[in-house]
Amino acid sequence: MKKRVLFFVTAVCLFLTTILGSTKMVSAATTGELKTGDEIHGFKVKQTAYDSSTKSDEILFEHVKTGAKLLVIKNSDINRGFSIKFNTPADNDKGINHIIEHSVLGGSKKYPSSNIIFDVMNTTYVSYANAFTYQNMTMYPICSSNEKQLFKSADIYLDAVFNPLLLSDSRIFEREGFRNELKDAGSKLIYNGIVYSEMQGGLSSIEASAMINAKKAIFPDSNQGNISGGSPSDIPALTYQEVINTYKKNYHPSNSFMVLYGDVDYKAFLKMVNENYLSSYSKKEITIDRGTQKPFNKLSKKSYTVPAAAGTDTKNKSVIDLVFAINDMKELGMDNYIALSTAISLLNVENSSFKQALMESKIGESYSISLDATTYQPSLHFIANNANPAKSNDFYHLVMKELKKVVKKGLDTELIKSSLRSIEFQEALGNNQSSAVNKMMTASLFDNLIGNSIVDVNSYYRKLVNKLDERVLEKVIEKYIVKNKSAALTVTTPEAGLLEKNQEAAAKTLAEKKASMTKKEISALVNRTAAFQEWNSKETPAAVLKSLRAVSLKDIEVELKDREIKETTVDGAHVLTANADVDKISSVSLGFDLSHLTPDELLYLRFYSDMIGNGMATTNRTESQVLNEIALKTNTISTAVSAIMDNKNGTSAHPVFIVDYYSFEDEYKDTFELVSDILLNSKITDITGYGTRTIANVKADFKYQFAEPLNLALLRSTAYTSPLYRYSNYLNGLDYYKFVLQLEKEITNNPAEVAKKITEIRTKAFNKNNLNILFAGDESAQSAFKSAITGLTGKLPDAQYGKAVYSLPKPAKREALAINSTVQYVLVNASLSESNVPQSGKGNVIMNMLNNLLLTPEIRLKGGAYGASAAIMDNNYIAYTYRDNNYVNSMKTIGATDEFLKALTSYMTEETLESYKLSTYAAESPSTNELTDAYMSLLYHIQGISLQDRINRLTEIKESGIADIDTYAGYMEKLNENQNYVIVASPSDIEGNKDMFDSIISLQ
């Protein structure tokens, strides 16, 4: 279960922690090795800096011959990274840049893989591989904890973007983008393509459609309003020649920006990039259209509809978006951007007077404010969800009236001052597993938006804090919002029955298209489809797979630290500590065993956790004071009602209430006092206010999940067999959603009774006798920490309760979830223990093989689904498809895994097997920082997983042999026999195969 973070604290520092954020504190210090103007391997140094928060030397190079830029971020992080980015504004809605992103990874001259990104992920020692298409740039990041493999992976990506097979093979475009298919003369003509399927899912929610509509309305004459991913209605009009022309225009070193991150020999890397790629190019003038929108003279008003299934309740289910176009980022400048971001974050805090006025209006059910700065010209959105479309004008006038009040009366800026402490937290915490990707992404976006990749965001933030008394926040609100005429008011409304109408219209169009074809044309398409599938079925040759690897298993040394776990009891609480070689900072986790609570009580407590997460005052602190102290003392606090395994096999579990936070060692008493006040004294008596806004946010979250339901399907499928995931499903899935809907009525009818019940459950839940405290930090700080514990335990009751006996709801074995979309999802599950399949690292190797050799080729490359994968997850085997278009065929493929493995044994070689073992080993041994590793050792310990268990798992991976493939063929046969599943599809697509299901649930 994902823990709910007190997001309002994080939101205030949005630009410090998100894509456009940075924890950098750049000084005038240099690398000590190079200075501006120096040249090395064809590159000239343009700028040097030092980032104290990540202890990184930063050197910006420019390639002399081509103008290509390369930023080196050199530090001690062994999770090294490389990325390359091209500026690629979207010229239309055909998804050209998105399809190019997919297609260049479909093989290159040097690495003629059938699909590079999956071969790299599944057969080499990498920790991350991906590609992204933004509004104005396309980026290709990859990471590895081995330097040799990173250099090899960078070479693979460079050859892919500069020498793709796409240029000479249109079939790659047809596979990744769009194609017509006809299996035989009597079959139906269909559209297929990976991006085509992906975007059907990506734009299926009303929220996604509303955002697209708002962008169209505010940027009517600009490329910033185009759909960079592509619209399913426009993708079929794209031609191969358009793709090639766009590729040749944008994919040139002169239009590129690269990042090399971590503990790397950057000089050797510069030499490789220059000699292997850049030296063969010359500088090219490339003009990027930044698409600045001409200012409006008055408010623009637009209305749109989105499809919903017949019978869907569409009353007051619209999305109203009041959107403003801000100045181009280069014109806006970082000072104003930081100020505007900060102001928006404060407006978005749940207890702000602005947000309260929106809630009290009842125009919508929930509200959000966001600044989208991924476009050259940022757009600012005031959004009402589940809104009454007839009140859009009221929403506009309310927003403007309240903004004027804010300008006049001012903002509460104490939280901004407190959030400065986040810089100190970041410096103490250091790099983590995601640092490489985050740093590369941040630098690439800044280069794309303002032409400067080394931006000292923290200095701008500090400058802003020092000028708060000059009303800088109020001034940017007035200038860029209140007095901004470039605004649009959009209303997006669901139309019941339009989903079926669109499906019928699409089927009719295809039928008419086929009917208009001659027999010769039909025969040609049948032959072309067959030829395409034959080509698409070819596996990557073993020699090519070998060329992707720079290291073998014998080269990899992973040291698992044998940390001493100390256990003691302090004032009735069970305390576990692990030493971490860190300075000042500690990681703390409080876990209250909830085995004595009934299922109904667990749901109430889960709701209490959500209320805390949305912000509450206590009997000792105002809500603002709570937020300020969280930012100042803990950075963030997360609370969750979750479950943990009772044993390492995952055959039993129990519920827990978890509180996670960080603390500096001289503030343990303060943080315990703060946490105890939040847990024990939050004002439940104001259930009408806190409960109502929490319910609105919970409903908004589930509305999003109904549009992207893979996680719901995962919860329900695994809950069929797993005690652990049965808790997760009950506490996070549809059971909780139904509970919240009922609770909404109870709060309306009898709020005092609800408040009383939650208060009683809170008292019952938080006891010193059921408290486990995990501490990871410096050994010298443990004594001070234990001394401070009584600041919490001294306020807890000392009661004894018996264990509650109950059975949680179990989903149907064969279940369907009906959604308002034509896109589909499949989630298959089976219990390892119930099928007599051992938990072993060898199973993960087998999953890698199935992913790369069966599921990805058959379901993604041939079938057109966006994703397909299999995995071992605790005691569960799962297989899933994502944004699929034919769940029946996908189920057949997933059900054939045993037969596939039986056949695989005859031609699998030890060398090829080595590649799958290598990538599995990389996934099972990720690099972590010192504090995280110490904390994880505590989590392993309380689940009964020893260091030897972890070593054994890695050994099992290394010792996997060809004979194990045959063994797992037998295991897969059992798992397939015992499988349960959840299918997600439109009502009509489910109705067509209703015999497959024991239960059908509507998510409309």
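Parameters at a glance
Residues numbered from 1 in each chain as written. Predicted model: local features only at pLDDT ≥ 70, side-chain atom pairs only at ≥ 80, totals over all residues. Heavy atoms only, no water. Helix = DSSP H or I, 4+ residues; strand = E, 2+ residues; numbered from the N terminus. Rg over C-alpha atoms; globule rule 2.2 N^0.38 Å. Buried < 20%, exposed > 50% of the residue type's maximum accessible area, 1.4 Å probe, protein only. Contact = heavy atoms within 4.5 Å. Areas by Shrake-Rupley, 256 points an atom, 1.4 Å probe, with all protein chains shown as cover. Pairing = 2+ DSSP bridges. Axes fitted to C-alpha atoms, helices over the stretch in contact; angles between N-to-C directions. Domains from an automatic or database assignment. Buried area = accessible area lost by both parts, 1.4 Å probe. Salt bridge = Lys/Arg side-chain N within 4 Å of Asp/Glu carboxyl O. Polar contact = N/O pair within 3.5 Å; in protein donor to acceptor, adjacent residues only side chain to side chain. Nonpolar A, V, L, I, M, F, W, Y, C, P; charged D, E, K, R; others polar. Expected span 1.5 Å × (residues − 1). Bend = angle between axes of the 7 residues up to and from the residue. Parallel < 35°, antiparallel > 145°, perpendicular 65-115°, else oblique. Left-handed = near helix turned anticlockwise from the far one by under 90°. UniProt positions renumbered as here; feature names shortened; annotations may be inferred.

(A) Molecular detail of the overall build of the chain. Counting its secondary structure elements, the chain contains 39 helices and 30 strands. A compact globule built from 1004 residues should have a C-alpha radius of gyration of about 30 Å, and the chain, at 28 Å, falls within 12% of that. In terms of overall dimensions, the chain has a C-alpha envelope of 80 × 70 × 65 Å along the principal axes. Expressed as a percentage of its 1004 residues, the buried residues of the chain come to 60%. A separation threshold of at least 6 residues defines the contact pool for the chain, and within that pool the share at least 24 residues apart is 82%. Element-wise, carbon and sulfur atoms account for 49% of the exposed surface of the chain, whose accessible area totals about 37,700 Å².

(B) Just the sheet that holds strand β28 (residues 876-884), in detail. In space, the 6 strands of this open sheet follow the order β27-β28-β26-β29-β25-β30, with mixed pairing throughout. At either end of the open sheet lies a strand with only one pairing partner, and these are β27 (867-873) and β30 (999-1002). Sheet twist, expressed as the average angle between the axes of neighbouring strands with direction ignored, equals 15 degrees. Most of the contacts of helix α33 (residues 887-895) go to strand β26 (residues 824-831), to which it runs at about 30 degrees, and overall it touches β26, β28 and β29 (980-985).

(C) Inspection of the domain arrangement of the chain at higher detail. Here the chain is partitioned into domain 1 (34-205 + 213-289 + 526-548), domain 2 (582-702 + 715-794) and domain 3 (814-1002). The C-alpha centroid of domain 3 is placed 32 Å from the C-alpha centroid of domain 2. Listed per partner, the contact involves 27 residues of domain 2 and 28 residues of domain 3. For the pairing of domain 2 and domain 3, the buried interface totals around 2,100 Å² over both sides, and the portion due to carbon and sulfur atoms is 63%. The salt bridge partner of R716 is E815, with a shortest N-O separation of 2.5 Å. At the surface where domain 2 touches domain 3, the tally comes to 9 residue pairs in polar contact (both at pLDDT 80 or more). Breaking the side of domain 2 that touches domain 3 down by element, the ones donating at least two residues are β21 (585-593), β22 (637-645), β23 (653-664), α26 (710-719), α27 (723-732) and β24 (771-777). When its residues are assigned to classes, the side of domain 2 that touches domain 3 shows 12 nonpolar, 12 polar and 3 charged.

(D) Seen up close, helix α11 (residues 329-348). Counted at 1.5 Å a residue, the expected span for α11 with its 20 residues is 28 Å, but the 22 Å between its end C-alpha atoms falls short. Most pronounced at D335, the bend in α11 amounts to some 65 degrees. Burial analysis of α11 places 15 of its 20 residues in the buried class, which makes it a mostly covered element.

(E) Layout of the packing of helix α13 (residues 392-409) against helix α18 (residues 472-482). Where α13 contacts α18, the axes come no closer than 9 Å and their chain directions differ by 150 degrees. What the angle tells us is that α13 and α18 run roughly antiparallel. Crossing of α13 against α18: the hand is left-handed. Packed against α13, whose contacting residues are M400, L403, K404, V406 and V407, the element α18 presents E474, I477, E478, I481 and V482 at the interface. Split into classes, the residues belonging to the contact of α13 with α18 amount to 7 nonpolar, no polar and 3 charged.

(F) Representation of the pattern of salt bridges within the structure. With the rule as written, the count across this model stands at 54 salt bridges. With a shortest N-O distance of 2.9 Å, R175 and E176 are connected by a salt bridge. With a closest N to O distance of 2.4 Å, E365 and K699 form a salt bridge. Highlighted residues: E365 in the loop between α12 (353-361) and β16 (366-372) and K699 in helix α25 (residues 687-707), separated in sequence by 334 residues.

(G) Highlighting the UniProt feature "domain: Peptidase M16C associated" (unreviewed entry) in the chain. Per the UniProt annotation, the sites labelled "domain: Peptidase M16C associated" (unreviewed entry) are residues 492-743. In residues 492-743, helix accounts for 53% and strand for 19%; the two terminal C-alpha atoms are 28 Å from one another.

(H) Main features of the packing of helix α34 (residues 897-904) against helix α38 (residues 962-977). Orientation of α34 relative to α38, taken along the N-to-C sense of each, is 170 degrees, at an axis distance of 8 Å. Viewed along their axes, α34 and α38 adopt a mutual orientation that is roughly antiparallel. Between α34 and α38, the residues in contact are T897, D898, L901, K902 and L904 and I965, Y968, A969, M972, E973 and N976, respectively.

(I) The environment of L853, seen in detail. Structurally, L853 is set in helix α32 (residues 841-862). Its relative accessible area of 13% is what places L853 among the buried residues. C-alpha separation for the pair L853 and Y251, spaced 602 residues apart in sequence, amounts to 30 Å.

(J) Region of interest: the pairing of β23. Within β23, 11 of the 12 residues are buried, which leaves it mostly tucked inside the rest of the structure. Relative to β23, β21 runs antiparallel, the two being bridged by 9 bridges. Paired with V588 across the strands is Y661, a residue of β23. As judged from the 9 bridges shared by β22 and β23, these two strands associate in the antiparallel manner. Among the inter-strand pairings, S638 is bridged to a residue of β23, identified as D660.

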